[in-house]
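The residues making up each chain are set out below.
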Amino acid sequence: MTRLTLGVCISVLWFALPPVLVNAQSVATPRAETPADYPRKSVRLLVPFAPGGGTDIIARLTAQKVGDAWGQSVLVDNRAGGGGTIAADLTAKSAPDGYTLLFPSISVALAPALYRKLPYDTEKDLAPVILVAMQQNLLVVHPSLPAKSVKELIALAKSKPGEIRVATGGAGASDHLAMELFRTTAGINLVNVPYKGQTPGTTALMGGEVHMQISPMASLMPYVKSGKLRALAVTGAERAKTAPELPTIAEAGLPGYEFYVWYALLAPGATPAPIIRKINEGFDRALSAQDVRDRLAEIGIDALGGTTEKFAAFLKAEMRKWAKVIKEAGIQVE
């Protein structure tokens, strides 16, 4: 057989092969993931605090709802420590593919002003996704304190400067910032007594070691209802639905005061916009579900949601607001 004839035979055999054999190589090559495919595997949700706290509860509730809708697990991974910066750093350094997300509280907006040097740039290395929820705080005092209103508390503090002790969860904690905002807005001298978390501070307050505390409603209301603590006001712009009888601090004698603990979702900074949008849509739908809203409302938390752009603007405003408060209070965390 001549070379020409052999070549012709090979060509005929090649074109006669079934399509499945001809395309075998292309079938074996993995197809690049597109936003329409996302998610094709489990998503990791980094929570910067220990299990059982407010952030953890909200994260698990929404993660379950979103995971069910996606048909993929959204796994909560608690990485406590560093005031939330450890989990934030892990997220910032993760692959920007939508499979590692950060579920922080207001701490993510406080960190840039609190720490001299962060291992990440909040604005460049973390991408806003959605504002998940907000929770009012409660101003409570020990029943022995002779102050039954915000006005009486401020008057007492002015008459006894440096004598009223306030329990906080440590330097730079959200309740510490709430107290500092109250102190500077009212122009009074309060003593910060830091504890290793808000719960030990509440225990100390009930034991009479300190006089007052400003912490999330969900954790304090049981003690108010049992008479172990006296509630004076809530910290938000409006009265809380779960305790409408309590005035806001602003209407009770301190105009301009407003404080919320909020919870959100962020991704690594370089995550593609279409992936961000799909994650936003998944969590926004979950937060619109009545069962989720009702469950959060039971513990004094308002489900939010909305666009990525809305949260991005809110985050920038919060960072500016708290940078000013932290600077004026002279708070620095090493």
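For the structure itself, look to the data block above.
Residues numbered from 1 in each chain as written. Predicted model: local features only at pLDDT ≥ 70, side-chain atom pairs only at ≥ 80, totals over all residues. Heavy atoms only, no water.

J.: Which residues make up the pattern of salt bridges, and what are the values?
T.: All chains considered together, the criterion is met by 9 salt bridges. Here Glu-251 ties to Arg-239 by a salt bridge, and the two come within 3.0 Å at their closest N and O atoms. You can see Glu-251 sitting in the loop between strand S8 (230-234) and strand S9 (260-268) and its partner Arg-239 sitting in the loop between S8 and S9, a full 12 residues away along the chain. For Glu-251, a relative accessible area of 47% gives the class partly exposed. Glu-328 is the partner of Lys-324 in a salt bridge, and the nearest nitrogen-oxygen pair spans 2.8 Å. One end of the pair is Lys-324 and the other is Glu-328, both in helix H14 (residues 308-329) and 4 residues apart, which spans about a single turn. On the basis of relative accessible area, Lys-324 is assigned to the exposed category, the value being 53%. Sharing partners across several salt bridges, the network here consists of Arg-44, Asp-77 and Arg-79. (Salt bridge = Lys/Arg side-chain N within 4 Å of Asp/Glu carboxyl O. Helix = DSSP H or I, 4+ residues; strand = E, 2+ residues; numbered from the N terminus. Buried < 20%, exposed > 50% of the residue type's maximum accessible area, 1.4 Å probe, protein only.)

J.: Could you give an account of the side chain of Glu-318, with specific residues and numbers?
T.: Within the fold, Glu-318 resides in helix H14. Put simply, Glu-318 is tucked away with no salt bridge, and the nearest opposite charge, on Lys-321, sits 4.4 Å away. Beyond its immediate chain neighbours, meaning those up to four positions away, Glu-318 contacts Ile-106, Ala-109 and Trp-262. (Lys, Arg positive; Asp, Glu negative; His and termini not counted. Contact = heavy atoms within 4.5 Å.)

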